[in-house]
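# Tertiary structure, described
What follows is each chain in one-letter form.
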Amino acid sequence: MDPTLEYLFSPFFTIILKNPKDTDVANDAANETNSGLPQERKFYVHRSMLASLSPELDKHVNNDMKEGLEGIMELNDVEEATMKALLEWAYTKNYTISNPTSASALLKHTTVYTLADRFNIATLKDLAYSRITKLLINLGKIKEAADIEALLAAITYAFDNLPCSTASSSDSIQAMPSEKLLTYFVQYSAWLLDVLKDRKEFSTLLLYCADFARAVLLVSRAAPAPPWAGDIGGNAEHVSVTVNGVSVNLQGQYASGQTSYQGSKTMTVTRRNLGKLLQKQEDYKRIYHYSAKHGSIIAS
């Protein structure tokens, strides 16, 4: 007999979810409406099938305590959709979710990943991780508000439910989280920092989750120059411009030591700031006290 068929002849084991919630946004209202009522959802799975998934689950199924003797395991913090995905995978070695190419799928895969981590199901954990990383690769640099919200929800759930232990280096500086999904989320967030930094939800996450904030700081790029070297984001080398045919040396950050409107003038500006100001010539003239009658400012 095929070993997999033997599972069909084993007795059932009952998994009871206490107050289950669905991670689908569409069901949030229903979750809130019934939040004051005691709820539970029962799942039935072949006992030997469940025990075969991992040594951790085998301990839950086969023991001499109430759980093993009665064949019932109660879970208080697992979403219904997540348990369905785990059991689907147990029998088929695959699991399906709604809207698999949408950013909303990130949270669903993350809940599967964390449940697999909880029960030490390495193969399912690897599958969920693969789907999360492939989805983020396909999504690329997300910009839509709904996508960012979905990403931050997945990150928050991961940091809330996965162990965030870090390995320390020889000089005792905290390293990245040892959990690979947390590390991946941190690296993706750091890459997306120019988009996330203006989002209120991201600021809230940084305040709420110190481990995430510390890890993002570790992988963020240091400023290329100190503040006194000019525009810390640009190049502070000397730049030459021509004003009314008179060569002017520009260095540092902003104009200083301007002379009269006639003759040679000395100012300070970085190449990046000069480029920005040249895009708005009137602003440039106002800042450096030039009016239209004094001619154009031309970068040489």
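Please read all numbers here as calculations on a predicted model, not as lab measurements.

Of regular secondary structure, the protein possesses 15 helices and eight strands. Out of the 300 residues belonging to the protein, those deemed buried represent 38%. Considering only intrachain contacts with a sequence separation of at least 6, the fraction spanning at least 24 residues in the protein is 61%. With an accessible surface of roughly 16900 Å², the protein has 53% of that area assigned to carbon and sulfur atoms.

The subject of this paragraph is unusual backbone geometry. Of note, K93 is a non-glycine position whose phi angle comes to about 60°, a positive value. In this structure K93 comes out as partly exposed when scored by relative accessible area, which is 48%. Not every positive phi belongs to a glycine, and N99 is a case in point at roughly 50°. Along the chain, N99 falls in the loop between α6 (80-92) and α7 (105-118).

Glancing now at the environment of F159. Counting through the fold element by element, F159 comes out in helix α9 (residues 145-161). Considered as a pair, F159 and C209 are 50 residues apart in the sequence and their alpha carbons are 7.5 Å apart. Ignoring sequence-local partners within four residues, the contact set of F159 consists of C164, L182, V186, C209, D211 and F212.

The subject of this paragraph is the packing of aromatic side chains. Overall, the coordinates contain five aromatic pairs when judged by the stated rule. When the ring of F159 is compared with that of F212, the centres are 5.4 Å apart and the planes differ by 75°; the resulting orientation is edge-to-face. Taken together, the residues span a long stretch of sequence, with F159 in helix α9 and F212 in helix α13 (residues 210-219) at a distance of 53 residues. Clustering of aromatic rings is evident, with ring pairs tying together Y113, Y129 and Y184. Directly above the ring of W89 sits K93, whose terminal nitrogen or CZ lies 4.7 Å from the centroid. One residue, K141, lies across the ring of W191, its end atom 5.2 Å from the ring centre.

Counting 64 residues, the largest nonpolar core has I15, L53, M83, I121, L151, F185 and F212 as its most contacted members. Looking at this core element by element, the count peaks at nine residues for α9. Those residues in contact with I121, other than ones at most four positions away along the chain, are L53, S54, L57, L86, W89 and A116.

Once that is clear, we can look at the sheet that holds strand β2 (residues 40-46). If you trace the three strands from one edge of the open sheet to the other, you get β2-β1-β3, paired in mixed fashion. What marks the edges here is a single partner per strand, and that holds for β2 and β3 (72-75). Adjacent strand axes in the sheet meet at a mean angle of 20° when their direction is disregarded. As paired elements, strand β1 (residues 12-18) and β2 share seven bridges and run antiparallel to each other. Bridged to L17 within β2 is R41. This element, α6, spans β1, β2 and β3 of the sheet and lies at about 5° to β2.

As a further point, take the pairing of β3. Burial along β3 is one-sided: the face carrying M73 and L75 is buried and the face carrying I72 and E74 is not. As judged from the four bridges shared by β1 and β3, these two strands associate in the parallel manner. The residue of β3 that forms the bridge with L17 is L75.

What follows covers the side chain of K108. With respect to the helices and strands, K108 occurs in helix α7. Residue K108 is classed as buried on the basis of its relative accessible area, which comes to 10%. For K108, the side chain forms a polar contact with the side chain of S98, separated by 2.7 Å.

Bringing empty space enclosed by the protein into the picture now. Across all of its chains, the model carries one cavity of 30 Å³ or more by this definition. Together, I15, L50, L57, M73, L75, M83, L86 and F119 line the largest cavity. Listed by contribution, the elements that provide at least two residues to the lining of the largest cavity are β3 and α6. Here the residues of the lining of the largest cavity are counted per class, giving eight nonpolar, no polar and no charged.

Cut-offs used in this document
Residues numbered from 1 in each chain as written. Predicted model: local features only at pLDDT ≥ 70, side-chain atom pairs only at ≥ 80, totals over all residues. Heavy atoms only, no water. Helix = DSSP H or I, 4+ residues; strand = E, 2+ residues; numbered from the N terminus. Buried < 20%, exposed > 50% of the residue type's maximum accessible area, 1.4 Å probe, protein only. Contact = heavy atoms within 4.5 Å. Areas by Shrake-Rupley, 256 points an atom, 1.4 Å probe, with all protein chains shown as cover. Phe/Tyr/Trp six-rings, centres within 6.5 Å; stacked < 30°, edge-to-face > 60°. Lys NZ or Arg CZ within 6 Å of the ring centre and 35° of its normal. Core = buried A, V, L, I, M, F, W, Y, C linked by side-chain atoms within 4.5 Å. Pairing = 2+ DSSP bridges. Axes fitted to C-alpha atoms, helices over the stretch in contact; angles between N-to-C directions. Polar contact = N/O pair within 3.5 Å; in protein donor to acceptor, adjacent residues only side chain to side chain. 1 Å grid on protein atoms, 1.4 Å probe; cavity = no way out; pocket = protein on both sides within 12 Å on 5 of 7 lines; lining within 4 Å. Points joined across faces, edges and corners; volume = space filled by probe spheres on them. Nonpolar A, V, L, I, M, F, W, Y, C, P; charged D, E, K, R; others polar.

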